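Residue-level structural notes
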Amino acid sequence: MQTEKESKTVENGKKRKVNKVITIAAAALVIGLVIFRIISSMSGTVTEEESPVNVKTALAEKMSISTTSPITGRVEPIEEVSIIPLVSGKVTAVNAEIGDRVSKGTTLFQIDGTQLMTSFNQAKEGLNVAKSTYDRTSVLYKEGAVSYQDFEQAQAAYANAQQTFAAASDAYSNCTVTSPINGYITAKNIAVGSIASSAAPAMTVADVSKLQINTNVSEYIVSELNVGDTVNVYISTLGAEAYKGVIEAISPAPATGSLTYPVKISLSDDTGKIKAGMFAEIKIVSAEKKDTLCVLSDSVIMKNGTAVVVTLNKENVPKYNEVTTGIDNGEYVEILSGLKEGDMIVISGQQYVTEGTPVNVTK
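Here the residue index of a chain counts from 1 through its sequence in written order. Totals for whole chains, interfaces and linings use all residues, but because this is a predicted model, local features are given only for residues with pLDDT of at least 70 and pairs of side-chain atoms are given and counted only at 80 or more. Hydrogens and water are ignored here; the side-chain numbers use all heavy atoms of the structure.

Brief notes about the pairing of strand E18 (residues 332-337)
The condition that has to hold: Two strands make a pair as long as DSSP finds a minimum of two bridges between them. A helix here means a DSSP run of H or I that spans at least four residues, while a strand means a run of E at least two residues long, and both kinds are numbered starting from the N terminus.
Across three bridges, the pairing between strand E13 (residues 279-296) and E18 is antiparallel. By the bridge assignment, Leu 296 is partnered in E18 with Tyr 332. Both strand E17 (residues 324-328) and E18 contribute to a ladder of three bridges, which runs antiparallel. Looking at E18, one finds that Thr 325 is bridged to Ile 335.

Dropping the structure here:
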């Protein structure tokens, strides 16, 4: 049998063997981790190698550039007249309908003039009597048979009769309402049997042989305009086609109670599609340059508060170029300094390039 001392010696030996195994295992684990980190670090260096940035390019070139200021207005006929009768009465005949073309002097409608005709006939008879009396008195006065006072009375009565007849004639003639201009009937508010009066227009006649736009512009635009300038007119209901307009008149002062200046624009339309009343947009050229260096507006970026354009050399190596810009119409921008004609500029992806690091140019 083992003594107590011998048993403790054996137990201590076993503990030393276990601790040695643990120490060896821990050392192997540490060495493994170190080797793994070294390999991972080496492989990471390879995988993190950056690929070239893809960009799109275009040439800086000279062209014409302009900016426009849009204004709006309604298309109107060159002349439009509201037909308001000068006498009131029952409508006995209507000779024109909406859409009819009428000439100046054409009878549009007739108002019952029975009472006015009676007055006209009475005035005509009175005129004949007064004229006869005046003629007879004039002869007698020359012969000395009547006094000068009698002659003056006959003369005055004749003059009054003339005025009465003229007034009755005008009133009776107003029962026949005619068109004052050449044009088309665009509104009709009467019918046979209705009452026409001066309280409301009975018809409207518009001359649409020419069209115009009356609009207003601000003080910032009016100084750029001149009578005779050509402008582009767009009517959205007719598509994207531009129609030609010419500035006919510019007010030298703002409209009463307004800060804008009235402008009249005549409109050309060979197609016949434009109708009075359509909504139009007029684009006024507020600034324009010809044969000037331009680039796409999107190619200009801000870097540290400065306008910059990225250019590429033959090796596709980018360079930042500080530029001074001029007119910008939202699509192209004028370059006053910093570039030259023919420079290859980056128009897409320039925010991601690094100066001096080659890039990949895509179509």
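Structural notes on the packing of aromatic side chains
Operational definition: When two rings of Phe, Tyr or Trp (its six-membered ring) have centres within 6.5 Å they constitute a pair, described as stacked for plane angles under 30 degrees, edge-to-face for angles over 60, and tilted for the intermediate range. Under the scheme applied here, a residue whose accessible area is under 20% of the maximum for its type counts as buried, over 50% as exposed, and between as partly exposed, the area being computed with a 1.4 Å probe on protein chains only.
The full count for this structure, using the stated rule, is seven aromatic pairs. Taken together, a centroid distance of 4.9 Å and an interplanar angle of 15° make the contact between Tyr 141 and Phe 151 stacked. In this pair, Tyr 141 is assigned in helix H2 (residues 114-143) and Phe 151 in helix H3 (residues 148-173), connecting sequence segments ten residues apart. Residue classification places Phe 151 among the buried positions, given a relative accessible area of 11%.

Digging into unusual backbone geometry
Of note in the backbone geometry, Asn 304 takes a positive phi value of approximately 55° without being a glycine. Positive phi outside glycine occurs at Asn 316, with the angle close to 60°. Mapped onto the secondary structure, Asn 316 falls in the loop between strand E15 (306-312) and strand E16 (318-322).

A look at H2
Side chains of residues three or four places apart in an α-helix project in the same direction, reflecting 3.6 residues per turn. So the rule is basically this: A helix's residues, less one, multiplied by 1.5 Å, set its expected span. Two residues form a contact once any of their heavy atoms are found within 4.5 Å.
The end-to-end C-alpha distance of H2 is 44 Å, a good match for the 44 Å that 30 residues give at a rise of 1.5 Å each. Every buried residue of H2 is accounted for by Phe 120, Ala 123, Leu 127, Ala 130, Tyr 134, Thr 137 and Ser 138. Elements in contact with the buried residues of H2: H3.

Focus on the pattern of salt bridges
What counts, and what does not: Every case where a carboxyl oxygen of Asp or Glu lies within 4 Å of a side-chain nitrogen of Lys or Arg is listed as a salt bridge.
What the rule picks out here adds up to four salt bridges. Of the charged contacts in the structure, one is a salt bridge between Asp 135 and Lys 131, with a shortest N-O distance of 3.0 Å. Of this pair, Asp 135 and Lys 131 are both found in helix H2, four residues apart, which corresponds to roughly one turn of the helix. Accessibility expressed as a relative area gives 39% for Lys 131, which makes it partly exposed. The closest approach of N and O atoms between Lys 289 and Glu 334, which form a salt bridge, is 2.9 Å. Of the two residues, Lys 289 is situated in strand E13 and Glu 334 in strand E18; the sequence distance between them amounts to 45 residues. On the basis of relative accessibility, which here comes to 35%, the residue Lys 289 falls in the partly exposed class. A relative accessible area of 2% means that Glu 334 is categorised as buried.

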